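Structural overview for review
In case you want the letters, here they are:
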Amino acid sequence: MTTTGLHEPLPGAAPAPRAERRAVAALRLAWLYLVSRRVPAALGLLAGLAALLWSALHWHWGIAGGPAAQQFISLSIEAGAAAVIAVTAYGPFGEPERATGRWLPYLRLGEAAALTAIGYAALAAGATGGLLPGGTLALLRNLAGITGIGLLTAAVLGGAFGWTGPIAYLVVTEVALTGNPTTPWVWSARPPHDLGGALCAALVFAAGTAAITLFGARDSGRRSSPE
Amino acid sequence: MNVELIDLTRRFGRTHAVAGVSLQAGPGVFGLLGPNGAGKTSLLRMMATVLPPTSGRLRLLERDPGSLGPRRVIRRRLGYLPQNLGYYPGFTVTEFVEYFALLKDMPPGRVPRAVAAAIEQVGLADRAKAKLRTLSGGMLRRAGIAQAIVNDPELLLLDEPTAGLDPEQRVAFRAVLRGLGEWATVVVSTHLVEDVGAACTDVALMDAGKLVFHGTPAELIARGEGSRAAGDAPLERGYSAVLAAARSAAGTRSATETRA
């Protein structure tokens, strides 16, 4: 242990093999990156949303009305999870972080993909509390699509505003559901096996992930060159 | 040459933040002076590879930062401290500097010692385990300098590095700059003329996006001798004299163009 608290081999101990040192450094970098993006807090929120979904389905919380009212609670929870994922795109370090080596795009991509997968797994676990409209297939489509919107919002407006896209989409969808929407872009209104809705959601997720990977969340109103 | 700029420009809409700057810099401490809005920060951001130039040629460490591969190599060998440094308040000083060392792709075996050395150099060894949220503004600035120098950069870009430092820290920091400048190119953008006099081997003065002076601090002092330019110190008088001459020449040019 050095005076600065960093781990070093004890005197006389054989140094770790190079590959092992690289793996430890990669894990350490990933951990510091995730902590700086407040990912532990995001995981707590996702778990909370999963518990909320479970409660809503188990105790049959509901709002009387048409399709908009029936989907309101589950769709709100999905949009909430997408907003949480999008907000973690916010990085506090700004340009000095952008002016570093090659790892940043991989870290961004890994974080977005892993959090979306964890968010889906958490909400799917929450869906075991009762009957989720559309089932877990619709859950996957909705969460991926709305997360894509959140990531695109973070890339354009900044990570701190990443939540605005999912909430706006929730409002637009709820308004659309009061009518009879036919466009696949309102994918939550489509049946779970609908190809058009799934393709639109997948496309938006891919676009959001690509934007956040290449450019990161916009910071301080400044647009930088891609990494 | 570690820095080579040829007719470099950067526009934001109709505003020319940097308007045709040509400059070369090798190892040493290079002071970039100028009033607010002169274009110093935009020039530094282009050199930090975070802002692409609108036109002109930029070569850093004998590579073109416009291409992905060379840009990655440059960034591994670059240190950058912007005017406003963001930080995660829950990190300790060590974690903050270590994060940047790992991002800059330093060999893992070298990271612990390099982090400790950088923190020691900026005088924060006794606060290495302190959370950033507990540090004063001057200490945060020093933590920012530590992240910039942790990879022993060949090109170090510092925007107002001494802002918020007390006089004792400022003197110590100038010594650090002189040491780094023995083998690296250190570009320091500052309003503080005394920092330039104490630490810089070369100085450039910018005004309205243009380079209006490039020489040694002694040459800048000479520009102020015998003039009635404002300033309490010889360097300040040189600074004021060069600015006044540049603005007068620009005014004359503008009047001529209007008449034509």
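Residues numbered from 1 in each chain as written. Chains lettered and ligands numbered in written order. Predicted model: local features only at pLDDT ≥ 70, side-chain atom pairs only at ≥ 80, totals over all residues. Heavy atoms only, no water.

Residue and element names in this part refer to chain A. This structure, assessed with the given rule, holds 4 cavities of 30 Å³ or more. Roughly 180 Å³ of internal volume is contained in the largest cavity. Lining the largest cavity are 21 residues, and of these Arg37, Ala89, Gly91, Gly216 and Ala217 sit closest to its centre. For the lining of the largest cavity, the secondary-structure elements that each account for two or more residues are α4 (95–98) and α5 (103–126). Residue contributions to the lining of the largest cavity peak at 4 residues, all from α5. Its residues placed into classes, the lining of the largest cavity shows 9 nonpolar, 5 polar and 7 charged. (1 Å grid on protein atoms, 1.4 Å probe; cavity = no way out; pocket = protein on both sides within 12 Å on 5 of 7 lines; lining within 4 Å. Points joined across faces, edges and corners; volume = space filled by probe spheres on them. Helix = DSSP H or I, 4+ residues; strand = E, 2+ residues; numbered from the N terminus. Nonpolar A, V, L, I, M, F, W, Y, C, P; charged D, E, K, R; others polar.)

Turning our eyes to something else, we now look at the interface of chain A and chain B. Contacts between chain A and chain B engage 37 residues on the former and 41 residues on the latter. Across the interface of chain A and chain B, roughly 3,400 Å² is buried in total on both sides, 63% from carbon and sulfur atoms. Put simply, chain A and chain B have 3 salt bridges between them. Asp105 of chain B is the partner of Arg102 of chain A in a salt bridge, and the nearest nitrogen-oxygen pair spans 2.8 Å. Viewed at the interface, chain B and chain A are joined by 8 residue pairs in polar contact (both at pLDDT 80 or more). Going through the elements one at a time, α1 (18–36), α4 and α5 of chain A are the ones with two or more residues in the side of chain A that touches chain B. Top contributing element to the side of chain A that touches chain B by residue count: α1 of chain A, with 9 residues. Its residues placed into classes, the side of chain A that touches chain B shows 15 nonpolar, 9 polar and 13 charged. (Contact = heavy atoms within 4.5 Å. Buried area = accessible area lost by both parts, 1.4 Å probe. Salt bridge = Lys/Arg side-chain N within 4 Å of Asp/Glu carboxyl O. Polar contact = N/O pair within 3.5 Å; in protein donor to acceptor, adjacent residues only side chain to side chain.)

The subject of this paragraph is the sheet that holds strand β6 (residues 155–159) of chain B. All names here are of chain B. With respect to topology, 6 strands assemble into an open sheet ordered β5-β6-β7-β3-β8-β9, the strand pairing being mixed. In this open sheet, the two edge strands, each paired with only one partner strand, are β5 (78–81) and β9 (210–215). On average, adjacent strands in this sheet sit at an angle of 15° to one another, irrespective of strand direction. With 5 bridges joining them, strand β8 (residues 202–207) and β9 adopt antiparallel strand pairing. Looking at β9, one finds that Leu205 is bridged to Phe213. Of the strands in this sheet, β5 and β6 are in contact with helix α5 (residues 137–149), which crosses β5 at around 165°. (Pairing = 2+ DSSP bridges. Axes fitted to C-alpha atoms, helices over the stretch in contact; angles between N-to-C directions.)

Attention now goes to α1 of chain A. In this model, α1 of chain A (19 residues) spans 27 Å end to end at C-alpha, consistent with the 27 Å of a helix rising 1.5 Å per residue. Next to the buried residues of α1 of chain A lie α2 (39–58) and α5 of chain A together with α3 (93–103) of chain B. One or two positions beyond α1 of chain A, positive phi appears at Arg38 of chain A, with a value near 60°. (Expected span 1.5 Å × (residues − 1).)

The next point concerns the side chain of Ser36 of chain A. Looking at the element boundaries, Ser36 of chain A is found in helix α1. On the basis of relative accessibility, which here comes to 0%, the residue Ser36 of chain A falls in the buried class. Here the side chain of Ser36 of chain A touches Arg37 of chain A through a polar contact of 3.1 Å, side chain to side chain. For Ser36 of chain A, the contacting residues outside a window of four places in its chain are Pro92 and Phe93 of chain A together with Tyr88 and Phe91 of chain B. (Buried < 20%, exposed > 50% of the residue type's maximum accessible area, 1.4 Å probe, protein only.)

Further remarks concern unusual backbone geometry. All names here are of chain B. Although it is not a glycine, Asp7 adopts a positive phi angle of roughly 50°. As for its placement among the helices and strands, Asp7 is situated in strand β1 (residues 3–12). Of the residues examined, Asp7 reaches a relative accessible area of 45% and is grouped as partly exposed. Of note in this structure, Asp152 is not a glycine but carries a positive phi near 45°. Relative to the helices and strands, Asp152 resides in the loop between α5 and β6.

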